[in-house]
Amino acid sequence: MMSGSGNSSGAASTAGADGRHDDDAALTEFLSSLMDYTPTIPDELVEHYLGRSGFNCPDLRLTRLVAVAAQKFISDIASDALQHSKARVAAPIKDNKSKQPKDKRLVLTMEDLSKALREYGVNLKHPEYFADSPLTGTDPPTREE
């Protein structure tokens, strides 16, 4: 260890070493607690996508750590999309001021989800119609018509 020009630097380095020891102990405890935790995202799914990206690790704790991080990411996106939905519903309707919708149920739209994802750097582009053609799901025309 290098000697400092005063007592304060020696005390700071000792506190830093104790802080690192506490961080290591907390990390070890957290990683061991992952073995008892069953994440929402199954281990097999996480291992599949980690393998597709070229990452293969036999340590189940690391797989579960990635699952917890992905779960947190999805939760944050869903929460932000909910806030966008609430803001959209709370916005006054300019076209028809006299009638406010009586139904206060929130509906998650692609617009809400797109706005939330954009905040995290994910640009979502979706087709205007999700069917193969505008006639999908309709009855075929009859010859009598």
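The protein has the name Transcription initiation factor TFIID subunit 10 in an unreviewed UniProt entry, where Rhynchospora pubera is given as its organism. Recorded in UniProt under Sequence similarities (unreviewed entry), the annotation for the protein is "Belongs to the TAF10 family."

Chemist: Any chance you could explain the overall build of the protein here in plain terms?
Modeler: Broken down by element type, the protein carries four helices and zero strands. Counting over 145 residues, the protein shows a buried share of 12%. Of the contacts made within the protein by residues no fewer than 6 positions apart, 59% connect residues no fewer than 24 positions apart. Per element, the accessible surface of the protein, about 12200 Å² overall, is 57% carbon and sulfur.

Chemist: Sorry, what's going on with helix H3 (residues 60-90) here?
Modeler: Along an α-helix, residues three or four apart share an orientation, since each turn contains 3.6 residues. A rise of 1.5 Å per residue sets the reference length of H3, with its 31 residues, at 45 Å; its end C-alpha atoms lie 45 Å apart and thus fit the reference within 8%. When we look at burial in H3, the residues that qualify are Thr-63, Arg-64, Ala-67, Ile-77, Asp-80, Ala-81 and Ser-85. Tucked inside the fold, the buried residues of H3 contact helix H2 (43-52) and helix H4 (110-119).

Chemist: Explain the environment of Leu-60 here, please?
Modeler: If you trace the backbone, Leu-60 turns up in helix H3. Separated by 25 residues in sequence, Leu-60 and Met-35 have C-alpha atoms that sit 7.5 Å apart. Beyond its immediate chain neighbours, meaning those up to four positions away, Leu-60 contacts Met-35, Asp-43 and Glu-47.

Chemist: Before we go on, may I ask you to explain the side chain of Thr-63 in this structure?
Modeler: As for its placement among the helices and strands, Thr-63 is situated in helix H3. The residues touching Thr-63, leaving out its near neighbours within four places in the chain, are Asp-43, Val-46, Glu-47 and Cys-57.

Chemist: Which parts of the structure should I look at to understand the packing of H2 against H3?
Modeler: Between two packed helices, both the angle of their axes relative to each other and the distance between the axes serve to describe the pair. The geometry of H2 relative to H3 is characterised by a closest axis approach of 9 Å and an angle of 90° between their N-to-C directions. As summarised for this structure, H2 and H3 are arranged roughly perpendicular, according to the angle between their axes. From H2, Asp-43, Val-46, Glu-47 and Leu-50 reach across to H3, where they touch Leu-60, Thr-63, Arg-64, Val-66 and Ala-67. Broken down by class, the residue content of the contact of H2 with H3 amounts to five nonpolar, one polar and three charged.

Chemist: Any chance you could explain the packing of aromatic side chains here in plain terms?
Modeler: When we look at a pair of aromatic rings, we describe it by the centre distance and by the angle of the planes. The final tally for this structure, using the stated rule, is one aromatic pair. Taken together, a centroid distance of 5.5 Å and an interplanar angle of 85° make the contact between Phe-73 and Tyr-120 edge-to-face. With a gap of 47 residues between them, Phe-73 in helix H3 and Tyr-120 in the segment after H4 connect regions that are remote in the sequence. We classify Phe-73 as partly exposed; its relative accessible area is 38%. Relative accessible area serves as the criterion here: at 34%, Tyr-120 is assigned to the partly exposed category.

Chemist: Please clarify how the packing of H3 against H4 should be interpreted in this entry.
Modeler: Packing of H3 against H4 leaves a shortest axis separation of 8 Å and a crossing angle of 130°. When the axis of H3 is compared with that of H4, the two are oblique. Helix-helix and strand crossings are classified by hand; for H3 and H4 the assignment is right-handed. Here Ile-77, Asp-80, Ala-81, His-84, Ser-85 and Arg-88 of H3 lie close against H4, whose contacting residues are Asp-112, Leu-113, Lys-115, Ala-116, Leu-117 and Glu-119. Here the contact of H3 with H4 is built from residues that sort into five nonpolar, two polar and five charged.

The rules behind each value
Residues numbered from 1 in each chain as written. Predicted model: local features only at pLDDT ≥ 70, side-chain atom pairs only at ≥ 80, totals over all residues. Heavy atoms only, no water. UniProt positions renumbered as here; feature names shortened; annotations may be inferred. Helix = DSSP H or I, 4+ residues; strand = E, 2+ residues; numbered from the N terminus. Buried < 20%, exposed > 50% of the residue type's maximum accessible area, 1.4 Å probe, protein only. Contact = heavy atoms within 4.5 Å. Areas by Shrake-Rupley, 256 points an atom, 1.4 Å probe, with all protein chains shown as cover. Expected span 1.5 Å × (residues − 1). Axes fitted to C-alpha atoms, helices over the stretch in contact; angles between N-to-C directions. Parallel < 35°, antiparallel > 145°, perpendicular 65-115°, else oblique. Nonpolar A, V, L, I, M, F, W, Y, C, P; charged D, E, K, R; others polar. Phe/Tyr/Trp six-rings, centres within 6.5 Å; stacked < 30°, edge-to-face > 60°. Left-handed = near helix turned anticlockwise from the far one by under 90°.

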